[in-house]
Amino acid sequence: MNINVQTQGEGPLTHAPADPVLWPTTDGTLYPIHRIFCVGRNYAAHAREMGKDPDRDPPFFFTKFPESYVPSEHTIAYPPGTSNYHFEVELCVALAEGGRDIQEKDAAGKIAGYAVGLDMTRRDLQLTAREQGRPWDAGKNFEESAPMAALHPVAETGILTTGRIALSVNGETKQEADLADLIWSVDEIIAHLSRFYELRAGDVIMTGTPAGVGAVVAGDRMIGEITGLNSVETDVV
Ligand code: MN
């Protein structure tokens, strides 16, 4: 049951509501994005490169506005306020249905599909916020910070637990790992997140990035890949 309270007022709107954010799927449908949740430090080698010990502390999350989504093959503008703009290639999981307190054994049944995405990050702002104990929003949640390739329905891919995940910049491989290296599995992430939010169709989870993150500048071309999925291809301008 949806607990959202939406006022059904009367009268003219003060401004036009935002358009829904629609994510093309490989079977020709459109998936409306509700929320984007992102998991922090979910590959051990990446946790170490960020100066943290990888362990089984519960996963932690930050969010991006749906409007941060950009389709593959669209350019993204180098964002303001940073001089250290980083790529993070990630497995993105879209939910077909949600709920609260989802059990791990039931989590796979909630998945609509998968895609390759980039959790673009203003690393200097994120690290300053981290050091000061402040929120990560300015570092993580901004326009064009979530390029994603087309969404593959789970009926096409099956449940993904292994597969090469990689990212190249201008043809040079920067990140390369396997989905089996995730510290917290997709099922565990969904179960955990559902203890804090009422999940629903349209919720998308970016599941964390492997080691090898680094900076891009205008003119760079990033290609993110996961075995069996369409790659995400993005130019920084
Ligand atoms: Mn990330």
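Conventions and cut-offs
Every chain's residues receive numbers from 1 upward, in the order its sequence appears when written. Totals for whole chains, interfaces and linings use all residues, but because this is a predicted model, local features are given only for residues with pLDDT of at least 70 and pairs of side-chain atoms are given and counted only at 80 or more. As a rule here, side-chain values come from all non-hydrogen atoms in the structure, and water together with hydrogens is ignored. For helices the rule is a DSSP run of H or I covering at least 4 residues; for strands it is a run of E covering at least 2, with both sets numbered from the N terminus onward. Radius of gyration: over C-alpha atoms. The globule rule applied is 2.2 Å multiplied by the number of residues raised to the 0.38 power. Relative accessibility under 20% of the residue-type maximum defines a buried residue, over 50% an exposed one, and the middle range a partly exposed one, all with a 1.4 Å probe and only protein chains included. All accessible-area figures derive from a Shrake-Rupley calculation using a 1.4 Å probe, and residue coverage is judged against the displayed protein chains alone. Positive charge is attributed to Lys and Arg, negative charge to Asp and Glu, and no charge count is given to His or to the chain ends. A charged residue contributes its charge at one atom only: NZ of Lys, CZ of Arg, CG of Asp or CD of Glu. The arc under discussion is defined with respect to the helix axis, by the directions toward the C-beta atoms. Contact between two residues is taken to exist if any of their heavy atoms lie within 4.5 Å; hydrogens are not considered. Cavities and pockets were defined on a 1 Å grid built from protein atoms only: a cavity is a group of points that admits a 1.4 Å probe but offers it no way out, a pocket is an open group of points flanked by protein on both sides within 12 Å along at least five of seven lines, and a lining residue is one with an atom within 4 Å of any such point. Grid points are joined across faces, edges and corners, and a volume is the space filled by probe spheres set on the points. Nonpolar residues are Ala, Val, Leu, Ile, Met, Phe, Trp, Tyr, Cys and Pro. Charged residues are Asp, Glu, Lys and Arg, and all others, Gly as well, are polar. What makes two strands pair is DSSP finding at least two bridges between them.

Caption draft 1: Structural view of the overall build of the protein chain. In terms of regular secondary structure, the protein chain is built from 6 helices and 17 strands. Computed over its C-alpha atoms, the radius of gyration of the protein chain comes to 17 Å, within 12% of the 18 Å expected for a compact globule of 237 residues. Taking the principal axes of the C-alpha coordinates as reference, the protein chain spans close to 55 × 45 × 40 Å. In the protein chain, which comprises 237 residues, the share counted as buried stands at 48%. Accessible surface, the protein chain: about 11,500 Å² in total, of which carbon and sulfur atoms supply 51%. Averaged over its 19 positive side-chain charges, the protein chain has a centre that lies 6 Å from the centre of its 34 negative ones.

Caption draft 2: Summary view of helix α3 (residues 123–132). Every buried residue of α3 is listed here: Arg123, Gln126 and Ala129. Looking down the long axis of α3, one finds its buried residues gathered within 130° of arc, a one-sided arrangement. Buried residues in α3 make contact with β6 (85–87), β9 (121–122) and α4 (137–140). Gly133 sits one or two positions beyond α3 and adopts a positive phi of about 70°.

Caption draft 3: Looking closely at empty space enclosed by the protein. Under the defined criterion, the tally for this structure stands at 1 cavity of 30 Å³ or more. Within this model, the largest cavity holds a volume of roughly 100 Å³. The leading source of residues in the lining of the largest cavity is α3, at 3 residues. Classifying every residue of the lining of the largest cavity by side-chain character gives 4 nonpolar, 5 polar and 7 charged.

Caption draft 4: Expanded view of the sheet that holds β6. In spatial order, the strands read β9-β6-β15; together these 3 strands make up an open sheet with antiparallel pairing. Bordering the open sheet on either side are β9 and β15 (214–215), each of which pairs with just one other strand. Both β6 and β9 contribute to a ladder of 2 bridges, which runs antiparallel. Paired with Tyr85 across the strands is Arg122, a residue of β9.

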